[in-house]
Amino acid sequence: MGKSKRNSPKPGGNRAQRLAERRAAQEQAAQTVSRPFEGLAAECDLVALREFVPSATATLPLSASIAAERPVVLGTVLPGAVAALVRAGDETTGYVGVQVQAEGPDPAVELAAAILWTQSAEPGESLPAAGAGPGAPGLAQVIDAEAALELTVHQDFDWWVPEGVQPDPQVAATIEQAKQAIMPSDRLELGADAIGAAWWVDAGEKAHLRWVRPEAEDDLMLALARLHAAGGLHLGEGSRFAGSFRTHGLLVPVFDLDPERHAAEWRDPAAEFGGRLAEALASDVPLTSEQRRSRDGLRSRQVTLR
């Protein structure tokens, strides 16, 4: 008779180790802030830049309370996905990124810490991770919470290198490799009354519109259900509602678009859809049975990113 395998070591470590890892993951999840950028006028754009915009920059509207020594440029991602840097040859400006390698439970507080770091950093220094301890200032204390971002959308990463500076071959190769992977993107400017941040992207066979919305998730889902039941959940000919995803406490509806049409051609259809959505959000009439079925169907196609 062979020995019983009941007590044989199992792949993946012992049970105590697995339990400890599970508890650590649960504690991390409990500490994570569900809507980190809430209360900021730039909330929707910050979420978009962090989650899916390839290359964009904006000079941050810094709070007067921090007595800034140098302006700070926010970028989607910095070389090496570091949290912040001050470029050699460009010591007058600090740079912070929102797509980073090391992520903590509160990206807004960590972004604030990175901004503050740029004020005392030396040219050529970089900050791999922006750890923020208890009592660290929030982002609303470091930037003007009521100011929107004046974004510049790029189709490359040439902004990584100061103007007039020749990058070394390794940096140049990295920029070229990143450029090849970029999908053309643009932010739709829908007028002063537009809500949220609507981003177009050409993904090759299809184009998409991802519209980051600031409303409470449940309220927005009910409004989408009303439009779906009425046949109005679209951006007109050449569009199709693809689903939605949840991220940083917000709901992001996604539409598939005809890739033959440029971003500018979707501005008027998107603005019209925004008007229909506003009417649906304003309704407080209980959902009909058809609308409830629409809501349930839309929720089944919903994905949670973080």
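Quantities reported herein were computed from a predicted structural model and do not represent experimental measurements.

> I would appreciate a short explanation of the overall build of the protein in the present structure.
If you tally the helices and strands in the protein, you get eight helices and 12 strands. When burial is assessed residue by residue, the protein has 43% of its 306 residues classed as buried. For the protein, the proportion of contacts with a sequence separation of at least 24, taken over those separated by at least 6, is 65%. When the accessible surface of the protein is summed, it comes to about 16,300 Å², and 50% of that surface belongs to carbon and sulfur atoms.

> I would appreciate a short explanation of the pattern of salt bridges in the present structure.
Side-chain pairing between opposite charges can occur once the charged atoms of the two side chains come close. Across all of its chains, the model carries 12 salt bridges by this definition. Linking R187 and E189 is a salt bridge whose minimum nitrogen-to-oxygen distance equals 3.5 Å. With a relative accessible area of 16%, R187 lands in the buried category. As a salt-bridge pair, D256 and R240 come within 2.4 Å of each other at their nearest N and O atoms. Of this pair, D256 sits in strand β11 (residues 250-257) while R240 sits in strand β10 (residues 239-247); the two residues are 16 residues apart in sequence, bridging distant segments of the chain. Taken together, the shared-partner salt bridges in this structure form one network comprising R35, E38 and E43.

Calculation notes
Residues numbered from 1 in each chain as written. Predicted model: local features only at pLDDT ≥ 70, side-chain atom pairs only at ≥ 80, totals over all residues. Heavy atoms only, no water. Helix = DSSP H or I, 4+ residues; strand = E, 2+ residues; numbered from the N terminus. Buried < 20%, exposed > 50% of the residue type's maximum accessible area, 1.4 Å probe, protein only. Contact = heavy atoms within 4.5 Å. Areas by Shrake-Rupley, 256 points an atom, 1.4 Å probe, with all protein chains shown as cover. Salt bridge = Lys/Arg side-chain N within 4 Å of Asp/Glu carboxyl O.

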